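Each chain, written out:
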Amino acid sequence: MMEAANLLDLADDLDAVLADVWQRLGRAAKDRRAAMHTPVVATIAHDGAPSQRVMVLRAFDRATATLRFHTDSRAAKADQVGAGSPVSILGYDAGAKRQFRLTGTARVETDTPAADHAWAEATLFAKRCYLADPAPGTVSDVAVSGLAADIEGRKPEDEKEVAPGRPNFALLMAEVHTIEFLHLAHTGHRRAMFRKSADGAWQGQWLVP
Ligand SMILES: Cc1cc2nc3c(=O)[nH]c(=O)nc-3n(C[C@H](O)[C@H](O)[C@H](O)COP(=O)(O)O)c2cc1C
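Let me begin by describing the structure that accompanies this report. (Residues numbered from 1 in each chain as written. Predicted model: local features only at pLDDT ≥ 70, side-chain atom pairs only at ≥ 80, totals over all residues. Heavy atoms only, no water.)

**With respect to unusual backbone geometry**
Residue Pro134 is reached from Asp133 by a cis peptide bond, and omega for that bond is 0°. Mapped onto the secondary structure, Pro134 falls in the loop between α5 (124-128) and α6 (149-152). Of note in this structure, Ala65 is not a glycine but carries a positive phi near 50°. For Ala65, the position within the fold is in the loop between β3 (59-61) and β4 (66-72). (Helix = DSSP H or I, 4+ residues; strand = E, 2+ residues; numbered from the N terminus.)

Given below as structure tokens:
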């Protein structure tokens, strides 16, 4: 019901639209059931081709407009992103009929205090993912999870068991520079573009949908 009310109530006001974006991103990071909890993150492969994958949005910092994702430091995307690369992030909230298309710069962090903190907060099950050996993406003759047989089907018992995964754990931090908003409505779609200017302020303009 809330979403339906929002649909009708979204004011033709760029500040209100941007506030809606911030609110939904903040909620998406916290609520597993939020549509934008699992956006598509696109990077550029070394041959120049676009490469996309679904990722779980772990945190959103409004002040720096930065999204935090977790990944394996050996994953293709981590290699593509490195210390700083263009990234595009796409979310669609079907209930609210809103698409967010973000662009920005991503970087991978493995041994920063922020990565240590995120690792400390992760569950044992989440940490288990980083025990894959060999690395994610390695070709295998048979169907595999990548996990050793003794840990594959169960929850790790303690931190000691998952500690070898820590070097493989990485943050993918995406600092957003532009936000394109699209809202579908029978009464007329709405589309807007927001850009972060050099002084950190966000400038918005309407686009024809
Ligand atoms: C619902 C869902 C959530 C996912 N979340 C993550 C995630 O948070 N981090 C991640 O590295 N991969 C996640 N994946 C797997 C990626 O989509 C992708 O298949 C994998 O990371 C390999 O990507 P790469 O080879 O481009 O690095 C998720 C997949 C699905 C379907």
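Resuming the write-up.
**A closer look at the packing of aromatic side chains**
For the structure shown, the criterion picks out six aromatic pairs. Seen in terms of ring centroids, Trp119 and Phe169 are 5.2 Å apart; in terms of plane orientation they differ by 55°. Their pairing is tilted. Of this pair, Trp119 sits in helix α4 (residues 113-121) while Phe169 sits in strand β7 (residues 169-183); the two residues are 50 residues apart in sequence, bridging distant segments of the chain. An angle of 90° between the planes, with centres 5.2 Å apart, marks the rings of Tyr130 and Phe169 as edge-to-face. Linking Tyr130 in the loop between α5 and α6 with Phe169 in strand β7, this pair joins segments that are 39 residues apart in sequence. By relative accessible area, which is 9% here, Tyr130 ends up buried. Clustering of aromatic rings is evident, with ring pairs tying together Trp22, Phe60 and Trp202. (Phe/Tyr/Trp six-rings, centres within 6.5 Å; stacked < 30°, edge-to-face > 60°. Buried < 20%, exposed > 50% of the residue type's maximum accessible area, 1.4 Å probe, protein only.)

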